[in-house]
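# Notes for the structure review
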Amino acid sequence: MVNEKIQEADQNLVHVYNRFPVALDHGEGVYLYDTEGKQYLDFAAGIAVCGLGYNNRELNQALKDQIEKLCHTSNLYYHEKCGQAAEALNRISGMDRVFFTNSGTEANEGALKAARKYAYTKQSGRYEFIAMEDSFHGRSFGAVSVTGHKEYRTPFEPVLPGVKFAEFNNLDSVKALVNDKTCAIMLEPLQGEGGMNLATQEFMEGVRRICDENDILMICDEVQCGMGRTGSMFAWQGFGVKPDIMTMAKAIGNGIPVGAFAMTEQVAQYSLQPGDHGATYGGNPLACTAVKTVIEIYEKEDIVGHVNRIAPYLTARLDELVNEFDCVTGRKGKGLMQGLVLSVPVGEVIQSAIENGLLVISAQGNVLRMVPPLIIEEKHVDEMTEKLRHVLSLISS
């Protein structure tokens, strides 16, 4: 748990996080350990970041080797790891050009700017965005402006003008907002923070069609649902609906802070040019080493194939809990991005789970969110199920 020295040192921070009473010290595989040595089965993965789990030897060694060579140069100079990471990301994402950032929020900021610059270059006069209700794209001004939760935006209003919100999975709602000022439609194929809401095939295809018919860009935020989590390398690939711009972060670095936004060649030709955008640390040698190595490990160990093998087992065990407990009213999600809808306070379940050595997190709508490392096996699913069954039995009794 948390000792006094750690709590005292924490008082030096700006308190914007509601921390759980756990001081984590190290990790191994799918387990984390606190400073007292207690073991936790991790079904949160640093909020879908650590897809390869903890203490992956190959990734550790690649990072150590790079640290001894070079961590930072600025983007005024070339370094080979940046080009290698970009080539690997474009190969697995199906995009053509990529820009490295430090986070998912920064990636979404870049995507918004790229869409605006595209419209400016084509002299279309377009500047409005259509985003989705229940979406989450980050907490900077631009990103929070397209986040579909009023409570995130209200304290910072006025935020970015020209943003309209459509109902997720409602094509008529989207069509009603389209006009000659719309430059882009932004969505998550699977909403994480918003409640583990999966887009329908019809909705994804319909948004793509609306964009094609109206010269509007489609932006997919894959920060959380990307990198194999839904059973394809990126979630849009599972729908066969390619965006014009996509954003990513979290699992592409497995814990090293890195994000990226990528675009098609068509968008790149009319979009950002030298001087339009930048990031001092974006694409640094250490971050790019992480991206390159993570992708190599995913491909070598067939992580996406493993997700597709283990996900049906996870969903079956979660469905058992839905059938067993009246307080679990449903399951939502896809692949290894799953949520249980609860009728009891989700915070109480999370706290009790921590006490029982299980780490899970929440999402909007009283949803218990599970985004474990992608390397989990059936035995870990069984362990999670039994721990959660114990917790739910205590709370519902």
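A brief look at the structure comes next. (Residues numbered from 1 in each chain as written. Predicted model: local features only at pLDDT ≥ 70, side-chain atom pairs only at ≥ 80, totals over all residues. Heavy atoms only, no water.)

## Here's the deal with the pairing of strand E2 (residues 31-34)
- Burial of the side chains of E2 extends over both faces: Tyr-31 and Tyr-33 are buried on one face and Leu-32 and Asp-34 on the other.
- The pairing of strand E1 (residues 24-28) with E2 spans four bridges and is antiparallel. Within E2, the residue paired with Leu-24 across the bridge is Asp-34.
- The loop that links E1 with its antiparallel partner E2 comprises two residues; one of these, Gly-29, has a positive phi angle of about 65 degrees.
- Sheet analysis places E2 next to strand E3 (residues 39-42), joined by three bridges and oriented antiparallel. Looking at the pairing, Leu-32 lines up with Tyr-40 of E3. (Buried < 20%, exposed > 50% of the residue type's maximum accessible area, 1.4 Å probe, protein only. Helix = DSSP H or I, 4+ residues; strand = E, 2+ residues; numbered from the N terminus. Pairing = 2+ DSSP bridges.)

## Thoughts on the nonpolar core
- One finds Met-227, Leu-368, Met-384 and Leu-388 to be the most contacted residues of the largest nonpolar core, which totals 94 residues.
- Per-element tally for this core: the top contributor is helix H12 (residues 285-301), with nine residues.
- Setting aside its immediate chain neighbours within four residues, Met-384 contacts Leu-41, Phe-43, Leu-314, Leu-318, Leu-358 and Met-370. (Core = buried A, V, L, I, M, F, W, Y, C linked by side-chain atoms within 4.5 Å. Contact = heavy atoms within 4.5 Å.)

## Focus on the environment of Cys-82
- Within the secondary structure layout, Cys-82 lies in helix H4 (residues 80-93).
- Distance from Cys-82 to Gly-283, taken between C-alpha atoms, is 5.8 Å for residues 201 residues apart in sequence.
- Residues in contact with Cys-82, not counting those within four places in the same chain, are Phe-100, Gly-283 and Cys-288.

## As for the packing of aromatic side chains
- Evaluation of the coordinates by the stated rule reveals four aromatic pairs.
- Summarising the aromatic geometry, the rings of Tyr-118 and Tyr-270 are spaced 5.9 Å apart at their centres and angled 80 degrees between planes, so their arrangement reads as edge-to-face. Here Tyr-118, found in helix H5 (residues 104-121), pairs with Tyr-270, found in helix H11 (residues 265-270); they are 152 residues apart in sequence, far enough to count as distant.
- On the basis of relative accessibility, which here comes to 6%, the residue Tyr-118 falls in the buried class.
- Taken together, a centroid distance of 5.5 Å and an interplanar angle of 70 degrees make the contact between Phe-168 and Phe-203 edge-to-face. Taken as a pair, Phe-168 in the loop between strand E6 (163-166) and helix H8 (171-177) and Phe-203 in helix H9 (residues 201-214) lie far apart in primary sequence, 35 residues in all. With respect to class, Phe-168 is no different from Phe-203; both count as buried. (Phe/Tyr/Trp six-rings, centres within 6.5 Å; stacked < 30°, edge-to-face > 60°.)

## A word on the pattern of salt bridges
- As enumerated under the stated definition, the model contains 20 salt bridges in all.
- One salt bridge connects Glu-296 with Lys-292, and the closest N-O pair in it is separated by 2.7 Å. Here Glu-296 and its partner Lys-292 are both found in helix H12, four residues apart, which amounts to about one turn of the helix.
- Linked by salt bridges that have partners in common, Arg-317, Glu-320, Glu-324, Asp-382, Glu-386 and Arg-389 make up one network. (Salt bridge = Lys/Arg side-chain N within 4 Å of Asp/Glu carboxyl O.)

## Some thoughts on the packing of helix H13 (residues 303-324) against helix H15 (residues 378-396)
- Between H13 and H15, whose axes approach to 10 Å, the crossing angle comes to 15 degrees. Relative to H15, the element H13 lies roughly parallel. With respect to the hand of their crossing, H13 and H15 are arranged in right-handed fashion. Contact with H13, carried on its side by Ile-310, Tyr-313, Leu-314, Arg-317, Leu-318, Glu-320, Leu-321 and Glu-324, involves Glu-378, Val-381, Asp-382, Met-384, Thr-385, Glu-386, Leu-388, Arg-389 and Leu-392 of H15 and no other residues of that element.
- Broken down by class, the residue content of the contact of H13 with H15 amounts to nine nonpolar, one polar and seven charged. (Axes fitted to C-alpha atoms, helices over the stretch in contact; angles between N-to-C directions. Parallel < 35°, antiparallel > 145°, perpendicular 65-115°, else oblique. Left-handed = near helix turned anticlockwise from the far one by under 90°. Nonpolar A, V, L, I, M, F, W, Y, C, P; charged D, E, K, R; others polar.)

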